[in-house]
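Understanding the architecture of this molecule
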Amino acid sequence: MEAPGLVVGSALRAAQPPPPPPLPRSPRGAADRLLIFSREPRPRLAPLTRCYCSREGKGNARSKPHREGSNSVRLNVKANNDQETYLADERHEGVDIWELFSEAQRNILHLNKQRLVAMEELKKLQDENKSLLQDIEVLETERQGFSIEIAESSRFSELLLRIDTMTISGMVGMTEASDLRKKVIDNRYMIHSVFSDIHHKQDTELLSELRLFLRKPAEKPLHVVHICSEMDPITSRGSLATYVTGLSSALQRKGNLVEVILPKYAGINEDVIHFLRKAEADYESYYGGCWHKNRIWTGISSGVSLTLIEPVQLSYFDRDMLRGYPDDFERFSYFSRASLDYIVKSGKQPDVLHVHNWETAIVGPLFWDIFAHQGLGNTRILLTCQDLTSQCLEVPNMLELCGLDPHKLHRPDRLQDNSETNLVNVLKGGIVYSNKVLLMSSTLPRDMAIQGLGHGLEATLTTHKEKVLVASHGLDGELWDPSKDIYLPQRYSPNDIEGKSFCRKTLKRRVGLHSGSSVVVGCICNGDSNTDGLREAVRVALHGGAQVIFMENKGPVMNSTVQALKEELKIRAIKYGSAPVQINFPSNGSRQTEWHDYPSTALSQYIISTYGDMSLSQALDGIKNNPSQWDWRIKDAMSKVLSWDAECYDLHWEAYSVIRKL
């Protein structure tokens, strides 16, 4: 609907006599001018019209006001074609131009108020839309979880029914059928991952798979307890949160028992915890020379059992942030000790205690010096290092707070820092006292990761190289998939890639880029990013005819998990059809590295073989000079299975299985 314009004198036009001839020019100077701004939309504007008013006296329509009588006003309009017309009779009573001007101002103010009200309503609608999208995401997640549960149950039931029909048809005898049923029932939670497309397979093919499954040695399910500082979506500040959730859910789907122990932060998201309840009994843990009471909260999140520890007497976790405080060592060493006290007093005997980064790395020394002799003799320790940049250095006497002996541990082969020898290094202690250490990297083989990601711990990692493994990150296959992503303006897949172009155009329109180049370079940076590298990337991109969009990560979390977030973003980029390209390339322009002699993950081998170690200029040249091959490369990468259930799970299962046998 068109916005109302301001109309002056139109209601008087029909009753007026023909206009008088123009009056002589007044020597008193130019006439007063009135500018009236129409609120009509810009594409419908009429030709510009000049407005003049005159009252009777010597002068014409362009002179000072020309007064006809006590209450008469003449309003002349000079059009662009220089034909003068009159909108009001000079003898009409009760009309005053200043009154009309005031009325026009009131109209404008009224329209502005209406505009503000409309903007507020629009903001409300946008907020409601955002809330609805979040609700849809939750419902979609719940629906997908329900669908997976139904699919797993259906496959288990169908497999048993197919064994029945094989028995009736005489394909298998009753004894073998009984053995097959028992094997299927005993491994119920593995059926969904072992057998696929049962409905479309012939009995002969399915029987062959069942017989192989029958001969396969039974693997005892693992009991894994994660002791960690965050878990998505309960409390999330970085890649560790998604890692814990993704890996725990994958382990649980394979029939293992997984539990997660977290601090009960003040800002925890309780809405995503099902059956959250406070335990009726408290328990005590040792710290700082005395015993402190702790409350226990239990629940379930992402299908995984959850325990939250809340100190009663200390306010270590009743704060706004997860970490970033001067007393972080006290906070997380208290939590680590309290977690071990809880495990012992609850009678748990897990196969693996999985600890993460420096925040819970102190569990390693605590376990072997104090708790291994309290009924946990068969438990082993696995440490995952998302990023080795944060290591936590402290004076040795601080170890006494959680019950450790600083004189015993402040040694070069234990917790003494490699550079600042007067301090102890908590993360180093975790590496030394763990049975296995996992470095998270999607591109680097083990030896390259030790040297490239060590950050001063290269000597320690080299000494313990035999227990160091490299694992690639995974993705939530339901959440990070362009064919299912509800936040995309149009979904797409390797087999139907048109939606990707639409998404790119939408992004460019939203950030105000013109519709020129079809190539967009997204630079993901943070406060510590190399400025010279970013400047060079922009120069190369613009020279190659591309457009550049900067995406910045802010906050202290990014600084503590830079490498981990880079790895996670790299995999997401591949899944969504973008090429992960480093910008801090050497000045000689050559970035090819021979890594084929180093053992590495299948994902790292694929990334290296597909994208090499290409520079931004090489990528732009490939898009320009060989677009068909580039499109094939992108689609092929998108089709790879990058979920937690794929290679990431296999690597972690290998690590768990090895340390369980130690």
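Calculation criteria
Throughout this document, residue positions are counted from 1 along each chain, in the order its sequence is written. Totals for whole chains, interfaces and linings use all residues, but because this is a predicted model, local features are given only for residues with pLDDT of at least 70 and pairs of side-chain atoms are given and counted only at 80 or more. Hydrogens and water molecules were not included; the side-chain quantities draw on all heavy atoms of the structure. UniProt positions are given in the numbering used here, feature names are shortened, and annotations may be inferred rather than shown by experiment. Put simply, buried Ala, Val, Leu, Ile, Met, Phe, Trp, Tyr and Cys residues joined by side-chain atoms within 4.5 Å make one nonpolar core. For every residue, the accessible area (1.4 Å probe, protein chains only) is compared with the maximum for its type, and the residue is labelled buried under 20%, exposed over 50%, or partly exposed between those bounds. Here a helix means four or more residues in a row that DSSP labels H or I, a strand means two or more in a row labelled E, and each is numbered from the N terminus. Any two residues having at least one pair of non-hydrogen atoms within 4.5 Å are treated as being in contact.

- The chain is annotated in an unreviewed UniProt entry as starch synthase from Oryza rufipogon.
- Of the comments in the UniProt record for the chain, the one headed Catalytic activity (unreviewed entry) reads "[(1->4)-alpha-D-glucosyl](n) + ADP-alpha-D-glucose = [(1->4)-alpha-D-glucosyl](n+1) + ADP + H(+)".
- UniProt, in its Pathway (unreviewed entry) section for the chain, records the words "Glycan biosynthesis; starch biosynthesis."

1. Regarding the nonpolar core
- Judged by nonpolar contacts, the single largest core of 58 residues is most densely connected at I227, L353 and L439.
- Top element by residues in this core is helix α6 (residues 328–345). It accounts for eight residues.
- Setting aside residues up to four positions removed in sequence, L353 forms contacts with V225, I227, L340, I343, V363, F367, T379, R380, I381 and L382.
- Residues I234, L251, V260 and V352 belong to the second largest nonpolar core, which totals 33 residues.

2. Digging into unusual backbone geometry
- For the peptide bond that leads from D232 to P233, omega is 0°, which places it in the cis range.
- Inspection of the secondary structure puts P233 in the loop between β4 (223–227) and α5 (239–253).
- Its identity is not glycine, yet F275 carries a phi of approximately 60°, on the positive side.
- Looking at the secondary structure, you find F275 in strand β6 (residues 274–278).
- A relative accessible area of 68% means that F275 is categorised as exposed.
- Residues other than glycine seldom take positive phi values, yet S302 does so here, at roughly 55°.
- With respect to the helices and strands, the residue S302 is situated in the loop between β8 (290–301) and β9 (304–311).
- Residue S302 is classed as partly exposed on the basis of its relative accessible area, which comes to 37%.

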